[in-house]
Each structure stands twice: as structure tokens, then as C-alpha cells.
Amino acid sequence: MPGASAGDFTLYGHHESEASQRVGLMLRLAGVPFAYRHVDLFAGEHKTPAFRALSRFAQVPVLLHEGTAISQSNVILLYLADALGRFDGATPPARLELRQWLGWEQDMLWNTVLARRAVCYLDAEPAVVAFFQRRAGAALKLLDRHLEGREFIVGAAPTIADIACYPDVAMADQGGVEVARWPRVVAWAARLAALPGVGAPSDILPKASVG
Ligand SMILES: N[C@@H](CCC(=O)N[C@@H](CS)C(=O)NCC(=O)O)C(=O)O
């Protein structure tokens, strides 16, 4: 979207939220300015009537564009890929494969997020933590095998599959998931971190509203 201004896109999110980070990452990688609204999850701001009017799920992220509020981070990535003409698969088979990775991320790789929540915020029972860590490990093992001989998840350049998965992996250690066990995943995450505008996941989004 050449000539897009910060007024065109408003992202509602939280800087510690992997789902929010991926949307911020996409906008930053695409060089698209956006207004940002910090939603104080710890104060329950996402459960207020004002926020529920934007998100029926009472969750971040939400992207507001041309009067439409869009929830579910991977749906937002697909929407942006279409609107911006960036970061989708290069061919119809690549686009089909990429969408399968987006589904897998929410089902399996997301266990890294659940492990981090259990450890950092919920003081969960050890058996609960172990359950999420085990499933997260299985997901990282699968990703590691897939990355053999590949630089990115689908095709030769970063796509929304990489953008969706990066925060889950980059924050996983905080949930006691030792990502170093999967060297191809480590190398892939380092490749993404080195792209302009990426860096550490907690620094992708501002810690207060902007714009
Ligand atoms: N599947 C959703 C998950 C969103 C989600 O879990 N957001 C968290 C922050 S990472 C949230 O808003 N949690 C508050 C709550 O569920 O009460 C997505 O990908 O957007």
C-alpha cells in the first residue's frame, strides 16, 4: 500500500503478547506506519465494554483498518498480506502450504506461548507446565526437521509463516522451553532477528500508545 499513513492502520496490542508482536513485526517489515494503542492486559482493559466493542474475543491483537476491526493474529497477517501485497507465498502451492503452517502455529507451536504464560504469569502446577513444554518441544522438533536445507519456512524469502512463528520461538525460553536443543530453529530465528526492524520480540511494540 504505497503512501499508507499511520492513520490508516491502528494496532491494539501489548508488547509482551506474541500474537500482537507478529502483527507489529509484519507492519515494521513492510515499512507501513501505524498508530498503536497499548491495551493494559494486566489491568483487565481487554475486558472493558470499549475493548469488547472491537474484539468479540476480548483479546489482543486487534487491527483497525478503514473502520473494520480485525481479530485473530494470523487472520490479520493474511489480511495485511493481501492489502499490502507483501509476505504471502510466491505461488499458489506456496500460499496453500503457508496457510497450513499458520494453522499449525495456532495448534502446536502456540504451546510455547502457553508454557510461558503458565511459568511467568499463572504460577501453574508443574504437571501443567510440563504438558505445554512437551507439546512445545514436539512442535520445535518438527520445525527443526522442516528447516533442514531451508532458510525460511516456505520458499526462499520470509513470509507470514515466518512472521507468525518468530515471536513464539523467540520468547519460548521464558517458558522453560530450551530452544537451543533445535539448532536449525535457532539459526532460522537469528536470520529473522537480523532483518531490518525485527530484533528482540519484546522491543517490537511500544510500551505505551503512540500516534
Ligand atoms: N488466537 C488469538 C490469541 C490471542 C491471545 O491469546 N491474546 C492474548 C495475549 S497473547 C490475550 O489477549 N489474552 C487475554 C485473555 O485471553 O484474557 C490470536 O492469535 O490473536
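Residues numbered from 1 in each chain as written. Predicted model: local features only at pLDDT ≥ 70, side-chain atom pairs only at ≥ 80, totals over all residues. Heavy atoms only, no water.

### Here's the deal with the site of the ligand
Stage number 1. Looking at the ligand, the residues that line it are Ser-17, Ala-19, His-46, Gln-59, Val-60, Pro-61, Gln-72, Ser-73, Gln-106, Trp-110 and Arg-117.
Stage number 2. Gln-72 is positioned such that a nitrogen or oxygen atom in its side chain is 2.7 Å from a nitrogen atom of the ligand.
Stage number 3. The contact in question runs from an oxygen atom of the ligand to an N or O atom on the side chain of Arg-117, over 3.0 Å.
Stage number 4. Coverage of the ligand by the protein amounts to 82% of the 510 Å² it exposes when considered alone. (Near = heavy atom within 4 Å. Polar contact = N/O pair within 3.5 Å; in protein donor to acceptor, adjacent residues only side chain to side chain. Areas by Shrake-Rupley, 256 points an atom, 1.4 Å probe, with all protein chains shown as cover.)

### So, the domain arrangement of the protein
Stage number 1. Along its sequence, the protein is carved into domain 1 (9-86 + 198-203) and domain 2 (92-193).
Stage number 2. On a C-alpha basis, the centres of domain 1 and domain 2 stand 20 Å from each other.
Stage number 3. Each partner contributes to the interface: domain 1 provides 20 residues, whereas domain 2 provides 19 residues.
Stage number 4. Between domain 1 and domain 2, a total of about 1,600 Å² is buried, with carbon and sulfur atoms accounting for 65% of that surface.
Stage number 5. Applying the counting rule to domain 1 against domain 2 returns four salt bridges.
Stage number 6. Across the salt bridge formed by Arg-22 and Asp-168, the nearest N and O atoms sit 2.9 Å from each other.
Stage number 7. Applying the counting criterion to the domain 1 and domain 2 interface returns nine residue pairs in polar contact (both at pLDDT 80 or more).
Stage number 8. Looking at the side of domain 1 that touches domain 2, the elements that each hand over two or more residues are α1 (18-30) and α3 (73-84). (Domains from an automatic or database assignment. Contact = heavy atoms within 4.5 Å. Buried area = accessible area lost by both parts, 1.4 Å probe. Salt bridge = Lys/Arg side-chain N within 4 Å of Asp/Glu carboxyl O. Helix = DSSP H or I, 4+ residues; strand = E, 2+ residues; numbered from the N terminus.)

### Some thoughts on the pairing of strand β3 (residues 62-65)
Stage number 1. Inspection of the sheet shows strand β1 (residues 9-13) paired to β3 by four bridges, in the antiparallel sense. Its bridge partner being in β3, Leu-11 is matched across the sheet by Leu-63.
Stage number 2. The hairpin turn running from β3 into strand β4 (residues 68-71), its antiparallel successor, is two residues long, and Glu-66 in that turn takes a positive phi close to 50°. (Pairing = 2+ DSSP bridges.)

### Remarks on the packing of α1 against helix α7 (residues 160-170)
Each packed pair of helices is defined by two parameters, the angle between the axes and the distance between the axes.
Stage number 1. Where α1 contacts α7, the axes come no closer than 8 Å and their chain directions differ by 135°. Considered as vectors, α1 and α7 are oriented oblique to each other. Crossing of α1 against α7: the hand is right-handed. Taking contact as the criterion, the partners of Glu-18, Gln-21, Arg-22, Leu-25, Met-26 and Leu-29 in α1 are, on α7, Ile-160, Ile-163, Ala-164, Tyr-166, Pro-167 and Asp-168. (Axes fitted to C-alpha atoms, helices over the stretch in contact; angles between N-to-C directions. Parallel < 35°, antiparallel > 145°, perpendicular 65-115°, else oblique. Left-handed = near helix turned anticlockwise from the far one by under 90°.)

### A look at the nonpolar core
Stage number 1. By size, the foremost hydrophobic cluster in this structure holds 56 residues, and its most contacted members are Leu-80, Leu-143, Ile-153, Ile-160, Val-169, Val-185 and Trp-188.
Stage number 2. Those elements giving two or more residues to this core turn out to be β1, α1, α3, α4 (92-109), α5 (111-120), α6 (126-146), α7 and α8 (183-193).
Stage number 3. Formed by five residues, the second largest nonpolar core is a distinct cluster that contains Tyr-12, Val-39, Val-60 and Val-62. (Core = buried A, V, L, I, M, F, W, Y, C linked by side-chain atoms within 4.5 Å. Buried < 20%, exposed > 50% of the residue type's maximum accessible area, 1.4 Å probe, protein only.)

### Looking at the environment of Ala-35
Stage number 1. Structurally, Ala-35 can be placed in strand β2 (residues 35-38).
Stage number 2. Exposure remark for Ala-35: the relative accessible area of 7% places this residue in the buried category.

### Let's talk about the pattern of salt bridges
Stage number 1. As enumerated under the stated definition, the model contains eight salt bridges in all.
Stage number 2. The closest approach of N and O atoms between Asp-144 and Arg-184, which form a salt bridge, is 3.2 Å. Here Arg-184 lies in helix α8 and Asp-144 lies in helix α6, a separation of 40 residues in the sequence.
Stage number 3. With a relative accessible area of 7%, Asp-144 lands in the buried category.
Stage number 4. Residue classification places Arg-184 among the partly exposed residues on the basis of a relative accessible area of 32%.
Stage number 5. Note that Asp-203 and Lys-207 form a salt bridge whose closest N and O atoms lie 3.7 Å from each other.
Stage number 6. Connected through shared salt-bridge partners, Glu-16, Glu-18 and Arg-116 make up one network.

### Observations concerning the environment of Val-23
Stage number 1. Tracing the backbone shows Val-23 in helix α1.
Stage number 2. When its relative accessible area of 0% is taken as the criterion, Val-23 is described as buried.
Stage number 3. Sequence separation between Val-23 and Leu-205 is 182 residues, and the spatial gap between their C-alpha atoms is 9.4 Å.
Stage number 4. Leaving out residues up to four positions away in the same chain, Val-23 has contacts with Leu-11, Pro-61, Ser-73, Ile-76, Leu-77 and Leu-80.

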